[in-house]
Amino acid sequence: MNEVKNIIANIKKGVIAPIYFLMGEEPYFIDTVANYIENHLLTDDQKGFDQSVLYGQDVNIATIIDYARRFPMIAERQVIIIKEAQNLKSTIDSLVPYVENVTSTTVLVFCYKYETLDKRKKLSKALEKNKECVVLESKKLYENQVMSWIPTLLQKKGFTIQQKATQMLVDFLGNDLTRIQNEVNKLALVVPAKSEITPELIERNIGISKEFNNFELKNAIAVRDDFKAVRILKHFADNPKDNPLVVTLSVLYTFFQQLLAFHGLTDQSDKNVAATLKINPYFVKDLRAGAQNYPMKKVSAIIEGIRKVDVKSKGVGANLPPADLVKELITCILR
């Protein structure tokens, strides 16, 4: 995320804001900025005197302002980090007077996760007006962005990764960047330096089967390899804990939604398809194969069938075991 890179680059240059208000649905980027400030702004000797980490559920705005108005003891500035700031006990707008008159020797960091400030609120307007303050809105990445982010993350650790291995991680972990980073960190501990991360390494160290996974299922369905698709779905039915049906339904629903959109595109060039549907260009070929095997009318019927299976999987109108739901899914797609 370019905003995060710019914030950290400015801090490295010595351009440090009095307030960092980090908010949004994706906690990973919020933690990235907050952790960098916590680890790099002060020396270890200074941290004991001039760095405080507080938690929203334990403090209110009045207490935070009291901390912020103090002067540093030995460092040039003090650092105050408010973690889980979305749980603050007092109204966040109480911070407005401080934003309008900040203490120049204090760096105040708010980690306001899973939520964003209402732009109509006084605090939003005050933060926008004070050009010294930094506001970061951390948004969830689309799948194609996660597909690009994973190789970059591994490259920083000295590794490369095969495209299929990347897709296995995305299919298994979704767009939860913190979970992906945790799994990548585990890999880095057991895989030799400068290695290429392969599907075999993912299977061996993370527990995702390189043969029986949603990536392979999606490919089999796209090319109408019915035998392979049925094998994978039956494996899922036999191992429901390792292969939650809700994840499979989500992957297939997304694929057929994209396929429906693909059918409707006038410009079906790889570049336009990838940009319009927000997918990695590598996977446009799956949509081309799917378009040949599933006409638009069939795609619409499959989407409706997946919806019905999803409703039943939640116990609405039926209480069927995973095996029966999988059979219905096979019939919906392949028959």
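Throughout, residues of each chain are indexed from 1 in the direction in which the sequence is written. It should be noted that, the model being predicted, local features are given only for residues of pLDDT at least 70 and side-chain atom pairs only at 80 or more, the latter also being counted only at that level, while totals for whole chains, interfaces and linings use all residues. Computation of side-chain values covers all heavy atoms of the structure but excludes hydrogens and water.

The protein is annotated in an unreviewed UniProt entry as DNA polymerase III subunit delta of Capnocytophaga haemolytica. UniProt positions are given in the numbering used here, feature names are shortened, and annotations may be inferred rather than shown by experiment. Taken directly from UniProt, the Sequence similarities (unreviewed entry) text for the protein runs: "Belongs to the DNA polymerase HolA subunit family." Looking at the Catalytic activity (unreviewed entry) heading of the UniProt record, one finds this comment for the protein: "DNA(n) + a 2'-deoxyribonucleoside 5'-triphosphate = DNA(n+1) + diphosphate".

Q: Lay out the packing of aromatic side chains with the relevant residues and their values.
A: For Phe, Tyr and Trp, where Trp contributes only its six-membered ring, two rings pair if their centres lie within 6.5 Å, and the inter-plane angle classes them as stacked under 30 degrees, edge-to-face over 60, or tilted in between. Considering all chains together, one arrives at seven aromatic pairs under this definition. Seen in terms of ring centroids, Y28 and F29 are 5.5 Å apart; in terms of plane orientation they differ by 80°. Their pairing is edge-to-face. In this structure, Y28 and F29 share a single accessibility class: buried. Relative to F283, the ring of F215 lies with its centre 6.2 Å away and its plane at 80°, an arrangement referred to as edge-to-face. One end of the pair, F215, is in helix α11 (residues 214-222); the other, F283, is in the loop between α14 (270-277) and α15 (284-293), with 68 residues separating them in the sequence. Exposure class is identical for F215 and F283. Each is buried. Three or more aromatic residues joined by ring pairs form one cluster here, namely F21, F110 and Y112. Across the ring face of Y67, the terminal group of R70 is positioned such that the distance to the ring centre comes to 4.3 Å. The buried label applies to any residue whose accessible area, calculated with a 1.4 Å probe on protein chains only, is under 20% of its type's maximum; exposed applies above 50%, and partly exposed to all values in between. Runs of E in the DSSP output that reach at least two residues are strands. Runs of H or I that reach at least four are helices, and both are numbered from the N terminus. Both a distance and an angle decide whether a charge sits over a ring: NZ of Lys or CZ of Arg must be within 6 Å of the ring centre and within 35 degrees of the ring normal.

Q: Lay out the layout of surface pockets in plain terms, naming residues and giving numbers.
A: Here the idea is plain: a probe the size of a water molecule rolls over the atoms and shows the empty space left. A pocket here means an open set of points on a 1 Å grid, computed over the protein atoms alone, that has protein on both sides within 12 Å along at least five of seven lines. A cavity is instead a set of points where a 1.4 Å probe fits but cannot get out; residues with an atom within 4 Å of a point line either one. Grid points are joined across faces, edges and corners, and a volume is the space filled by probe spheres set on the points. Considering only enclosed or pocket space, the largest pocket measures out at about 780 Å³ in volume. If you trace the largest pocket, you find 38 residues lining it, with V170, D171, F172, V247 and V251 closest to the centre. Elements that contribute at least two residues to the lining of the largest pocket include exactly α7 (143-156), α8 (163-173), α11, α12 (226-238), α13 (245-263) and α15. For the lining of the largest pocket, the leading source of residues is α13, giving seven residues. The nonpolar class holds Ala, Val, Leu, Ile, Met, Phe, Trp, Tyr, Cys and Pro. Asp, Glu, Lys and Arg form the charged class, and all remaining residues, Gly among them, are polar. Considered class by class, the residues forming the lining of the largest pocket number 16 nonpolar, 15 polar and seven charged. Size it by volume and the second largest pocket reaches roughly 470 Å³. Lining the second largest pocket are 17 residues, and of these M1, K5, F29, W149 and K156 sit closest to its centre. A total of six residues in the lining of the second largest pocket trace back to one element, the largest contributor, which is α7.

Q: Give a detailed account of the packing of α14 against α15, specifying residues and quantitative values.
A: Fitted lines through C-alpha atoms give the axes, limited to the stretch in contact for helices. The angle between two N-to-C directions lies from 0 to 180 degrees. It is at 10 Å that the axes of α14 and α15 come closest, and there the two elements cross at 100°. Considered as vectors, α14 and α15 are oriented roughly perpendicular to each other. Across the interface between the two elements, D270, V273, A274 and L277 of α14 pack against V284, L287 and R288 of α15. Here the residues of the contact of α14 with α15 sort into five nonpolar, no polar and two charged. Orientation categories follow fixed angle ranges, with anything under 35 degrees roughly parallel, anything over 145 roughly antiparallel, 65 to 115 roughly perpendicular, and all other angles oblique. Two residues qualify as a contact provided that any one of their heavy atoms is within 4.5 Å of a heavy atom in the partner residue.

Q: Describe the packing of α11 against α13, with residues and values.
A: In the contact formed by α11 and α13, the axes pass within 10 Å of each other and the chain directions differ by 40°. With respect to their mutual orientation, α11 and α13 come out oblique. As α11 runs across α13, the sense of the crossing is right-handed. Contacts between α11 and α13 involve N214, L217, K218, I221 and A222 from the first element and V247, T248, V251, L252, F255 and F256 from the second. For the contact of α11 with α13, the residue count by class is eight nonpolar, two polar and one charged. Helix crossings fall into two classes, left-handed where the near helix is turned counterclockwise from the far one by less than a right angle and right-handed where it is turned clockwise.

Q: Now, about the environment of I303: what can you tell me, with residues and values included?
A: Within the element layout of this structure, I303 appears in helix α16 (residues 296-313). The exposure class of I303 is buried, given its relative accessible area of 4%. Other than its neighbours up to four places away in sequence, I303 contacts Y253, F256, Q257 and L260.

Q: Can you explain unusual backbone geometry? Please cite residues and give values.
A: Of note in this structure, R224 is not a glycine but carries a positive phi near 60°. Relative to the assigned elements, R224 resides in the loop between α11 and α12. The backbone phi angle of K278 is positive, close to 55°, even though this residue is not glycine. For K278, the position within the fold is in the loop between α14 and α15. Classification of K278 by relative accessible area gives partly exposed; the value is 38%.

Q: Could you give me a rundown of the environment of I208, with the residues and numbers involved?
A: Mapped onto the elements, I208 comes out in the loop between α10 (199-206) and α11. A sequence separation of 39 residues divides I208 from L169, and the C-alpha atoms of the two residues are 8.1 Å apart. The residues touching I208, leaving out its near neighbours within four places in the chain, are M168, L169, F172, I202, E203 and N213.

Q: Before we move on, could you go through the UniProt feature "domain: DNA polymerase III delta N-terminal" (unreviewed entry) in the protein and cite the residues and values that matter?
A: As recorded in UniProt, the feature "domain: DNA polymerase III delta N-terminal" (unreviewed entry) lies at residues 20-132. Between the end C-alpha atoms of residues 20-132 there is a gap of 9 Å, over a span that is 38% helix and 21% strand.

Q: Please set out the sheet that holds strand β3 (residues 78-83) residue by residue, giving values where relevant.
A: A pair of strands is treated as paired once DSSP finds two or more bridges between them. Taken in spatial order, the five strands line up as β2-β3-β4-β1-β5 in an open sheet, and their pairing is parallel. At either end of the open sheet lies a strand with only one pairing partner, and these are β2 (51-55) and β5 (134-138). The mean inter-strand angle of the sheet, taken between neighbouring strand axes irrespective of direction, is 10°. Of the pairings in the sheet, the one linking β2 to β3 comprises five bridges and is parallel in character. Note on β3: the bridge partner recorded for Y55 is K83. Seen against the sheet, helix α2 (residues 27-40) touches β1 (19-24), β2, β3, β4 (106-113) and β5 and runs at an angle of roughly 160° to β4.

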